[in-house]
Amino acid sequence: YRDLHTFELQAPTRVIEWACGNRVCVAGYGRSDGNEILQLIPPPTLLTKETQGLCPERDFKVECGGFSERPVYSLKHVPDTSLLVTSGPPDSSLQIWQVSAEDSDVIKFVSTLATENDTGQSWAKIATISAKAPWVLHGSRLDRVQITEVESRKNVYTAASRGSEELSGLAFLDCNTLLLCCATGRLCLADVRQPQSLVEATPVPSAPCSELWCMGTRHGAQALEPSSQPVARLSSRGLLTLTDLRKTSEFLASVKATVPSPGSAAEFLCVSWAPALDGYLAISGFDGTVHVYDTQSWDSSGREAEPVFVHKGHAFGGAGGSGDLPLVTVHTWHLQKPRTLLSAASDGSLHVWDWVQPCGKC
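Residues numbered from 1 in each chain as written. Predicted model: local features only at pLDDT ≥ 70, side-chain atom pairs only at ≥ 80, totals over all residues. Heavy atoms only, no water.

Visitor: What is the right way to read the nonpolar core from this model?
Guide: Membership of the largest hydrophobic core comes to 20 residues, with the highest contact counts inside it found for Leu137, Ile147, Phe172, Leu178 and Leu180. Contributions of two or more residues to this core are made by strand S10 (125-129), strand S11 (135-139), strand S14 (167-172), strand S15 (177-182) and strand S16 (187-191). One finds Val259, Leu269, Ile283 and Tyr293 within the second-largest nonpolar core, a separate group that totals 19 residues. (Core = buried A, V, L, I, M, F, W, Y, C linked by side-chain atoms within 4.5 Å. Buried < 20%, exposed > 50% of the residue type's maximum accessible area, 1.4 Å probe, protein only. Helix = DSSP H or I, 4+ residues; strand = E, 2+ residues; numbered from the N terminus.)

Written as structure tokens, this is what we have:
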């Protein structure tokens, strides 16, 4: 490591979201007596683009917070606003939150955005954008995807219905283009300007029906057109595929990650592209580690890929009260620092770490 910061949360979290002013938002899940939503001020060394030397202040500070009566499985900051959107069981409704002004330390609940026929539906996956207006893209199943204008709560788009597969993720590629990933690994493209269009991308490699998939996109990367940005998919068996949305008939790459198989639920699977380091991605959700890979030498042979770095800090935290070793629940990359990541685990630990570039790749 070049640097490592740790912070102990009151409860485990499965969301880490960058908010305005380089703040970090986290939220708890699963507690019956209320789940905290916190906005944290990162250590000073993370607030500058350049890596600094020794700094006397190495901890996160709680800037403001609130409580959710339901577990928070997803949290997104609405760009250009002080609003947060969250989702979680027992249905696919959304909760809107207001991050208070500087003279208050409260994150205030504003309203619930109920979705049509959300009874019995799983929790909604969400994405936000503010290109035209503050929008939230949300849905739990392929036939329940829509875009809602956050402030007016007006529905501005509903995707064409092509089945009711459960979604594992969704994303804005730009203000007009949406990408949806089903738990089966199926990818679908949609265009806001053409409500009836829904284009399926390349299928995933032959896999058992019980295998679950998630995706990671590079939307927002500089100097890349949305259509040229590769999409990474990760399966619960550790399969990794890269897809170019301009040519969906074949894979850019297909490899096997060197990770153990998770439990049948695979609820914490996570794959993400580095925003400031070309060709690198990270995966987690299999155990107490985060693996970083350089994809630039990958091919479609399906061979086993070796990580360039493995973060084992959470695994060394020891077993919790249940006797189980900590499981990484989520990770994300720093927006400007190329090799800095944040990760959280089921024991409530939050780590920020900067890994050293391997020899020969400096």
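Once you've had a look at it, read on.
Visitor: Quick question: what am I supposed to make of the sheet that holds strand S13 (residues 155-158) here?
Guide: Two strands in a sheet stick together by hydrogen bonds in their backbones, pointing the same way (parallel) or opposite ways (antiparallel). Pairing is antiparallel in the open sheet, where 4 strands are placed in the order S10-S11-S12-S13. Each edge of the sheet is formed by a strand with only one pairing partner; in this case those strands are S10 and S13. When strand polarity is set aside, the average angle formed by the axes of neighbouring strands in this sheet is 20 degrees. (Pairing = 2+ DSSP bridges. Axes fitted to C-alpha atoms, helices over the stretch in contact; angles between N-to-C directions.)

Visitor: Sorry, what's going on with unusual backbone geometry here?
Guide: Apart from glycine, the bulk of residues carry a negative phi angle, and the bulk of peptide bonds sit in the trans form. Note the cis peptide between Pro89 and Pro90, where omega equals 15 degrees. Following the sequence through the fold, Pro90 ends up in the loop between strand S7 (83-87) and strand S8 (94-99). Unusually for a residue other than glycine, Asp80 sits at a positive phi of about 65 degrees. Its identity as a non-glycine residue notwithstanding, Arg153 has a phi of 60 degrees, on the positive side. With respect to the helices and strands, Arg153 occurs in the loop between strand S12 (146-149) and S13.

Visitor: Honestly, the pattern of salt bridges in this entry has me stumped. Any pointers?
Guide: Side-chain pairing between opposite charges can occur once the charged atoms of the two side chains come close. Overall, the coordinates contain 15 salt bridges when judged by the stated rule. Between Asp278 and Arg218 there is a salt bridge, with the nearest N and O atoms lying 3.1 Å from each other. Of this pair, Asp278 sits in the loop between strand S22 (270-273) and strand S23 (280-284) while Arg218 is found in the loop between strand S18 (213-216) and strand S19 (231-235), placing the two residues 60 residues apart along the sequence. Residues Glu250 and Lys247 are paired through a salt bridge, measuring 3.6 Å at the closest nitrogen-oxygen approach. Look at Glu250 and you get partly exposed, because its relative accessible area is 42%. Residues joined by salt bridges that share partners form a network here, namely Glu165, Arg186 and Glu200. (Salt bridge = Lys/Arg side-chain N within 4 Å of Asp/Glu carboxyl O.)

Visitor: Whenever I open this one, the pairing of strand S20 (residues 239-243) confuses me. Can you help?
Guide: It is a general feature of regular strands that their side chains alternate between the two faces of the sheet. When you tally the buried positions in S20, you get 5 out of 5 residues, the bulk of the element. Every second residue of S20 is oriented toward a common face, with Leu239, Thr241 and Thr243 on one face and Leu240 and Leu242 on the other, all of them buried. Pairing analysis gives 4 bridges linking S19 to S20, with the strands arranged antiparallel. Looking at S20, one finds that Leu234 is bridged to Leu240. Where S19 folds back on S20, the antiparallel hairpin that results is connected by 3 residues, among which Gly238 adopts a positive phi of roughly 90 degrees. Both S20 and strand S21 (residues 253-257) contribute to a ladder of 4 bridges, which runs antiparallel. If you follow Leu242 over to S21, its bridge partner there is Ala253.

Visitor: Please explain the environment of Glu69 as it appears in this structure.
Guide: Checked against the element boundaries, Glu69 lands in the loop between strand S5 (61-68) and strand S6 (74-77). Overall, the relative accessible area of 80% leaves Glu69 in the exposed class.

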